[in-house]
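# Coordinate analysis (summary)
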Amino acid sequence: MSIFGDDKQEKDNYAVAPIPERLRKNEKVAIITADNTEDLEFFYPYYRLSEEGYQVDVITPKGGKFEAKHGLGLKQTKPIKEARPQDYALLYIPGGKAPAELRKNDEVLNFVREFASSRKPIAAICHGPQVLVSAGLVRGKQMAAWPEVAKEIEEAGGIFVDEALVEDGQFITGRKPGDLHRHLYGVLQYLSGKATTDKSRSERKSSAA
């Protein structure tokens with residue numbers, strides 16, 4: 001996959017280099033998105049997960065190229081109809097305006113529901129939890145999101161938490177681009193088997209019950 005570019009040299013400059021064999025993990029992760037995603041919320045996890053040795057598949061409704069909110073994007077992505085939840089160790093949902101389109105797509109929602117049934121981690125940031133709301137996955141769960149999404153989470157039976165990193169079971173959520181470094185820390189800890197449920201989170205859940 002390569003970032004948009006009009007000539008071969010520019011494409012070569014921005015194409016993602018292959019993962020050296022010594023760093024390669026035997027797991028793939030999926031980022032599901034669409035046009036008008038928030039650029040930083042897509043590219044930060046895209047590169048960070050790749051740095052850690054994961055093969056990152058970018059899944060979009062129709063495949064091919066997509067363009068993010070501020071003009072960056074990729075030339076090639078995988079169409080949702082060719083993606084299988086069992087192939088991935090993590091599902092990541094960036095924010096921006098893309099989730100508003102993804103949540104209207106039945107194939108996307110079915111993919112997310114099937115992935116959730118595996119109990120593998122699902123990470124979402126900013127407007128990303130809107131997809132989880134539409135997939136019917138937030139009831140009883142604590143989640144962070146962009147403040148305007150808080151009401152949707154609560155109306156769907158979830159618990160909105162205004163923090164940079166919120167982990168509840170398999171769900172790892174964050175509020176905004178400024179939370180990305182905290183959010184990805186939590187994601188990578190989970191993937192490495194080091195995720196824990198802290199006392200403050202347990203207390204929040206008890207008080208909300």
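The following paragraphs examine the structure supplied in this document. (Residues numbered from 1 in each chain as written. Predicted model: local features only at pLDDT ≥ 70, side-chain atom pairs only at ≥ 80, totals over all residues. Heavy atoms only, no water.)

## Notes on the pairing of strand β1 (residues 28–32)
Taking burial as the measure, the 5 residues of β1 include 4 buried ones, the bulk of the element. Note: β1 against strand β2 (residues 55–60), 5 bridges, orientation parallel. Within the sheet, the bridge partner assigned to isoleucine 31 lies in β2 and is valine 58. Once the chain exits β1 it traverses helix α2 (residues 39–51) before rejoining the sheet at β2, and the crossover so formed is right-handed. Relative to strand β6 (residues 90–93), β1 is paired through 3 bridges, and the arrangement is parallel. Residue pairing in the sheet places isoleucine 31 in a bridge with tyrosine 92 of β6. (Buried < 20%, exposed > 50% of the residue type's maximum accessible area, 1.4 Å probe, protein only. Helix = DSSP H or I, 4+ residues; strand = E, 2+ residues; numbered from the N terminus. Pairing = 2+ DSSP bridges. Right-handed = clockwise from strand over helix to strand, strands pointing away.)

## Some thoughts on unusual backbone geometry
Look at asparagine 36: it is not a glycine, yet its phi comes out positive at around 70 degrees. Positionally, asparagine 36 belongs in the loop between β1 and α2. Even without being glycine, arginine 119 reaches a positive phi, approximately 70 degrees. By the secondary structure assignment, arginine 119 is in the loop between α4 (106–117) and β7 (122–125). Overall, the relative accessible area of 52% leaves arginine 119 in the exposed class.

## Some words on the side chain of lysine 141
You can see lysine 141 is positioned in the loop between α5 (129–134) and β8 (142–143). Lacking a salt bridge, the buried lysine 141 has aspartate 168 as its closest oppositely charged neighbour, with an N-O distance of 4.2 Å. Setting aside residues up to four positions removed in sequence, lysine 141 forms contacts with Gly158, Ile159, Asp168 and Phe171. (Lys, Arg positive; Asp, Glu negative; His and termini not counted. Salt bridge = Lys/Arg side-chain N within 4 Å of Asp/Glu carboxyl O. Contact = heavy atoms within 4.5 Å.)

## What about the packing of α2 against helix α7 (residues 180–191)?
Put simply, α2 and α7 touch, their axes get as near as 11 Å, and they point 35 degrees apart. Viewed along their axes, α2 and α7 form a crossing whose handedness is right-handed. For the pair formed by α2 and α7, the contact residues are Leu40, Glu41, Tyr44, Pro45, Arg48 and Leu49 on the first element and Leu180, His181, Leu184, Val187, Leu188 and Leu191 on the second. Looking at the contact of α2 with α7, its residues break down into 9 nonpolar, 1 polar and 2 charged. (Axes fitted to C-alpha atoms, helices over the stretch in contact; angles between N-to-C directions. Left-handed = near helix turned anticlockwise from the far one by under 90°. Nonpolar A, V, L, I, M, F, W, Y, C, P; charged D, E, K, R; others polar.)

## Here we look at the layout of surface pockets
If you roll a probe as big as a water molecule over the atoms, it shows you where there is empty space left. Considering only enclosed or pocket space, the second largest pocket measures out at about 190 Å³ in volume. If you trace the second largest pocket, you find it lined by Ala34, Asp35, Thr60, Pro61, Lys62, Gly63, Lys65, Phe66 and Glu101. Each residue belonging to the lining of the second largest pocket can be placed in one class, and the counts come to 3 nonpolar, 2 polar and 4 charged. (1 Å grid on protein atoms, 1.4 Å probe; cavity = no way out; pocket = protein on both sides within 12 Å on 5 of 7 lines; lining within 4 Å. Points joined across faces, edges and corners; volume = space filled by probe spheres on them.)

## Description of the sheet that holds strand β5 (residues 78–79)
Spatially, β5-β2-β1-β6-β7-β11-β10 is the arrangement adopted by the 7 strands of the open sheet, whose pairing is mixed. The open sheet terminates on both sides in strands that have one partner only, identified here as β5 and β10 (166–168). Running at roughly 135 degrees to β6, α4 makes contact with β1, β2, β6 and β7 of the sheet.

## A few points about α2
If you check α2, its first and last C-alpha atoms are 18 Å apart, about what 13 residues at 1.5 Å a residue would give, namely 18 Å. Listed in full, the buried residues belonging to α2 are Asp39, Glu41, Phe42, Phe43, Pro45, Tyr46, Leu49 and Ser50. (Expected span 1.5 Å × (residues − 1).)

## A few points about α4
Under the 1.5 Å per step criterion, the end-to-end length of α4 is 16 Å for 12 residues, consistent within 8% with the ideal 16 Å. All of the buried residues along α4 are Val108, Leu109, Phe111, Val112, Phe115 and Ala116. Here the buried residues of α4 occupy an arc of 160 degrees about the axis, which is enough to place them on one side. What points out from α4, more than 90 degrees from its buried face, is the exposed set Asp106 and Ser117. Between a side-chain oxygen at the N-terminus of α4 and the backbone nitrogen of glutamate 107 the separation is 2.9 Å; the capping residue is asparagine 105. Note on α4: the residue one or two positions beyond its end, arginine 119, has a positive phi of about 70 degrees. (Arc of directions from axis to C-beta. Polar contact = N/O pair within 3.5 Å; in protein donor to acceptor, adjacent residues only side chain to side chain.)

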